[in-house]
Amino acid sequence: MATNEDHFKNVISHSKEYGFIFQSSEIYDGLSAVYDYAQNGVELKKNIRDYWWKSMVQMHENIVGLDAAIFMHPTTWKASGHVDAFNDPLIDNKDSKKRYRADVLIEEHMAKIEAKIDKEVEKAAKRFGETFDEKMFRQTNPRVLEHIHKIEEIETRFRKALEENNLGEVRQIIVDCEIVCPVSGSRNWTEVRQFNLMFSTAMGSVSEDSSVIYLRPETAQGIFVNFLNVQKSGRMKIPFGIAQTGKAFRNEIVARQFIFRMREFEQMEMQFFVRPGTEMEWYAYWKEARLKWHKALGTPDKKYRFHDHIKLAHYANAACDIEFEFPFGFKELEGIHSRTDFDLKQHEQFSGKKLQYFDPELNQSYVPYVVETSIGLDRMFLALLSNAYTEEKLPGTINATTGKEEDNSRVVLNLPPFLAPIKVAVFPLMAKDGLPEKAKEIFDLLRFDHMCVMEEKDNIGKRYRRQDAIGTPFCITVDPQSLEDNTVTIRYRDTMLQERVAVAQLKAIVEEKVSMRKVLEKL
Ligand code: GAP
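Heads up: these notes are all about the structure in this document. Not measured: the values here are computed from a predicted model. (Residues numbered from 1 in each chain as written. Predicted model: local features only at pLDDT ≥ 70, side-chain atom pairs only at ≥ 80, totals over all residues. Heavy atoms only, no water.)

**Some points on the overall build of the protein**
Short version of the rule: Secondary structure elements follow DSSP: runs of H or I of four or more residues count as helices, runs of E of two or more count as strands, with numbering from the N terminus. Accessible surface area values rest on a Shrake-Rupley calculation with a 1.4 Å probe, where residue burial reflects the displayed protein chains alone. In this charge count, Lys and Arg are treated as positive and Asp and Glu as negative; neither His nor the chain ends contribute. All charge positions are set by atom: Lys at NZ, Arg at CZ, Asp at CG, Glu at CD.
Scanning the protein from N- to C-terminus turns up 18 helices and 25 strands. Along the three orthogonal principal directions, the C-alpha set of the protein runs to about 75 × 65 × 55 Å. Summing over all exposed atoms, the protein offers an accessible surface of approximately 26,500 Å²; the carbon and sulfur share of this is 50%. Separation of charge centres in the protein, based on 73 positive and 80 negative side chains, amounts to 1 Å.

**A few points about the sheet that holds strand 24 (residues 487-492)**
Pairing between the strands of a sheet comes from backbone hydrogen bonds, and it takes one of two forms, parallel or antiparallel. We count it as follows: Think of it this way: DSSP has to see at least two bridges between two strands before they count as a pair. Axes, fitted as lines to C-alpha atoms, cover a helix only where it is in contact. Angles between the N-to-C directions of the axes lie from 0 to 180 degrees. Any pair of residues with heavy atoms lying within 4.5 Å of one another is described as a contacting pair.
One open sheet holds the 5 strands; their spatial order is 22-21-23-24-25, and the pairing between them is mixed. Each edge of the sheet is formed by a strand with only one pairing partner; in this case those strands are strand 22 (452-454) and strand 25 (498-502). Sheet twist, expressed as the average angle between the axes of neighbouring strands with direction ignored, equals 25°. Sheet topology note: the strand 23 (residues 474-478)/strand 24 ladder contains 4 bridges and is antiparallel. Note that in strand 24 the partner of Thr477 across the bridge is Thr489. Packed onto the sheet, helix 17 (residues 503-514) meets strand 21 (424-428), strand 23, strand 24 and strand 25 and runs at close to 125° relative to strand 25.

**Regarding the nonpolar core**
Operational definition: We define a nonpolar core as any set of buried Ala, Val, Leu, Ile, Met, Phe, Trp, Tyr and Cys residues linked to one another through side-chain atoms lying within 4.5 Å. We call a residue buried when its accessible area falls under 20% of the maximum for its residue type, exposed when it is over 50%, and partly exposed in between, using a 1.4 Å probe and counting protein chains only.
In terms of nonpolar packing, the biggest core is built from 61 residues, with Ile48, Tyr51, Ile259 and Phe381 touching the most fellow members. With 8 residues, the single largest contributor to this core is helix 13 (residues 377-388). Setting aside chain neighbours within four positions, we find Phe381 in contact with Phe20, Ile21, Tyr37, Gly41, Leu44, Lys45, Ile48 and Ile259. By size, the runner-up hydrophobic cluster in this structure holds 28 residues, among which are Val121, Leu167, Ile174 and Ile179.

**Quick look at the site of the ligand**
Put simply, the test is: Only a single heavy atom is needed: when it lies within 4 Å of a molecule or strand, its residue is near that molecule or strand. Polar contact is defined as a pair of N or O atoms within 3.5 Å, subject to the rule that within protein one atom must be able to donate a hydrogen and the other to accept it, and that residues adjacent in sequence are counted only when both atoms are side-chain atoms. Gly is placed with the polar residues, together with every amino acid not listed as nonpolar (Ala, Val, Leu, Ile, Met, Phe, Trp, Tyr, Cys and Pro) or charged (Asp, Glu, Lys and Arg).
Around the ligand lies a shell of 22 residues, among which Glu218, Met262, Glu269, Glu332 and Leu333 are the nearest. Contact distances for the ligand include 2.4 Å between a nitrogen atom and a side-chain N or O atom of Glu269. Out of a free accessible area of 560 Å², the ligand has 94% covered by protein chains. The set of elements that each furnish at least two residues to the shell around the ligand consists of strand 10 (264-274), strand 13 (329-340) and strand 16 (369-376). For the shell around the ligand, the element with the most residues is strand 13, which contributes 6 residues. Looking at side-chain class alone, the shell around the ligand contains 7 nonpolar, 5 polar and 10 charged residues.

**Thoughts on the packing of aromatic side chains**
Defined as follows: Two rings belonging to Phe, Tyr or Trp (six-membered ring only in the last case) form a pair when the distance between their centres is within 6.5 Å. Interplanar angles under 30 degrees mark stacking, angles over 60 mark edge-to-face geometry, and anything in between is tilted. Look at NZ for Lys and CZ for Arg. If either is within 6 Å of the ring centre and within 35 degrees of the ring normal, a charge sits over the ring.
Scanning all chains against the criterion turns up 25 aromatic pairs. In this structure an aromatic cluster arises from ring pairing among Phe8, Phe260, Tyr304, Phe324, Phe326 and Phe328. The lysine or arginine in question, Arg290, covers the ring of Trp293, its NZ or CZ lying 4.3 Å from the ring centre. The ring of Phe260 is capped by Arg379, whose NZ or CZ atom sits 3.7 Å from the centre of that ring.

**Let's talk about the pattern of salt bridges**
Here is the rule we go by: By convention in these notes, a salt bridge is any Lys or Arg side-chain nitrogen within 4 Å of a carboxyl oxygen on Asp or Glu.
In total, this model carries 42 salt bridges according to the counting rule given. Among the ionic pairs, Arg410 bridges to Asp468, the shortest N-O distance being 2.9 Å. With a gap of 58 residues between them, Arg410 in strand 20 (residues 409-413) and Asp468 in helix 15 (residues 460-470) connect regions that are remote in the sequence. For Asp468, a relative accessible area of 0% translates into the label buried. Within this structure, Glu392, Arg410, Arg465, Asp468 and Arg491 form a network of salt bridges that share partners.

**Let's talk about helix 14 (residues 435-446)**
This is how the line gets drawn: A helix's residues, less one, multiplied by 1.5 Å, set its expected span. This arc describes the spread of directions from the helix axis toward the C-beta atoms.
Here helix 14 contains 12 residues, and its C-alpha end-to-end distance of 17 Å stays within 8% of the 16 Å for a straight helix at 1.5 Å per residue. Those residues of helix 14 not exposed but buried are Leu435, Pro436, Lys438, Ala439, Ile442, Phe443 and Leu446. Buried residues in helix 14, looked at end-on, bunch into an arc of 160°, giving them a common side. Where helix 14 is buried, its residues touch strand 21, strand 22, strand 23, helix 16 (480-485), strand 24 and helix 17.

**Side note on the packing of helix 1 (residues 4-17) against helix 13**
Test applied: Every angle not falling under 35 degrees, over 145, or within 65 to 115 is termed oblique; those three ranges are roughly parallel, roughly antiparallel and roughly perpendicular.
Viewed as axis vectors pointing N to C, helix 1 and helix 13 meet at an angle of 110°, and their least axial separation amounts to 10 Å. Our classification of the angle between helix 1 and helix 13 gives roughly perpendicular. Of the residues in helix 13, those touching helix 1 at His7, Phe8, Val11 and Ser15 are Leu382, Leu385 and Ser386. The residue makeup of the contact of helix 1 with helix 13, split by class, is 4 nonpolar, 3 polar and no charged.

**Quick word on the sheet that holds strand 16**
Taken together, 7 strands build an open sheet; the order of strands is 3-9-10-16-13-12-11 and the sheet is mixed. Looking at which strands have only one partner, the edges of the open sheet turn out to be strand 3 (63-65) and strand 11 (304-308). Averaged over all pairs of adjacent strands, the angle between their axes in this sheet comes to 25°, without regard to strand direction. The pairing of strand 12 (residues 318-326) with strand 13 spans 9 bridges and is classified as antiparallel. For Ala318, the partnering residue across the bridge sits in strand 13 and is Ser338. Its contacts with the sheet place helix 11 (residues 279-295) against strand 3, strand 10, strand 11, strand 12, strand 13 and strand 16, and it is angled at close to 150° to strand 13. Of the strands in this sheet, strand 10, strand 12, strand 13 and strand 16 touch helix 13, which is tilted by about 35° from strand 12.

**Details of the environment of Arg143**
With respect to the element layout, Arg143 can be found in helix 7 (residues 142-163). Classification of Arg143 by relative accessible area gives partly exposed; the value is 48%. Between the alpha carbons of Arg143 and Glu120 there is a distance of 8.1 Å; along the sequence they are 23 residues apart. Within the local environment of Arg143, its side chain forms a polar contact with the side chain of Glu120, the two groups lying 3.0 Å apart.

**Concerning the environment of Glu169**
With respect to the element layout, Glu169 can be found in helix 8 (residues 167-176). Residue Glu169 is classed as partly exposed on the basis of its relative accessible area, which comes to 22%. The spacing of Glu169 and Val192 is 23 residues in sequence and 9.2 Å in space, taken between C-alpha atoms. Apart from residues no more than four positions distant in its own chain, Glu169 is found in contact with Arg157 and Ala161.

Note that all results are geometric; they support no functional claim without further evidence.
This is how it looks when you write it as structure tokens:
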């Protein structure tokens, strides 16, 4: 069986081989942590974006869209706090020369202790069988209690150190927890330093006239500065939301794990403006709504979990992540943050303009509070791809010459059909006798509603395998009988079953399976 590491390596090489993702500027040996989406990747990415957009904007009468520019007035980033506080605490191992985020080292250490607790529980559950009382065991078992105490101790120290920006203490926690560098295995650490993650460039043709501007590190600020424009022009009533998808840029130092942490990536963010004092209700609402959005895709529930932030960002009074079990473990996929009135108040102060809402029910003006949902489109892509990538062993075929059974397997992407890059592949059985023309007729029938391809090369088995590998839910084969009775063979990706159907039925069969509507109805 493939290990998680093998699985991840296979997903990466599959992405390249089948036209999902290429390294940026590969002919120049690539640019670190920057990637290009290829012909199939771009379709999958667009479909994920559409699913998010439809569920957020089309399905909520009180959420509207926005597409703000990447470049913003530089004062935006002073006001938002990013110039002063958008930092990562970094630490280097002197032996391996590898750089790490200090907070991540500590959080991973706590996760390891957590895993020890789970192991104890698992062992005890096996030992006691049906009589096992997990709650009681967690509350009373001395080893479990010792682990819990350890986690609490580290957490309290860590929280305090971060709140006080005490980098010396952060380093001391790493030393005291005896955390070692995963590469060198040593504890030879440098001091912890802060590093700002924003990219900057110059606007203006002559250097004396130019001013430093930043590439936005989050799309959210484009929404905040447009809050009143949208509210007034759209006559929006609180509570209401503004949704946006677009590129964001961060000079990530520890950029590894393929498209998980990139320097140029895409976010899908929604800022929900609410009456002050109601933000915790909306925070709970959006936590649940967003988890539902993920689960509606049919991925097993156990692949998701919530993780509450220990260190709250400078703007938040509550925050959590929806974590997904990637091949390299549970990691953040989406953030849900209660951002208070921090951003709007800061923009009021720095711009000198009022950013207030007149609430007719209260007969009073106020700066709204904000609950945001923020998901990385690339990370969602990776979650789906790594979950969908499946190596399947199939019943062996008998070799006609040797009479022996031969290994048979396929790689299939079990993507939710409505997200698959290509919905239908149409194959003429042979490239002659009018079959390509008939296949083209079917292709033309379906292409207005769905992404379709036509393929004539290779034998049918190979063509099936190629479509399985990119997740195409349907293959349709046109053979000589099709010319006589207007029927074709349709083959289903997941079951590999084939059946003969009338061409007149095709639209309905395909539509039933690839429609987004059924998924949206679950939300
Ligand atoms: N506006 C809030 C915000 O930007 P965040 O937690 O820093 O919050 C939100 O980012 C989401 O953006 C993350 O959950 C992740 O999915 C994605 N993201 C952040 N940094 C990323 C990176 N370097 N590469 C890919 N995705 C990233």
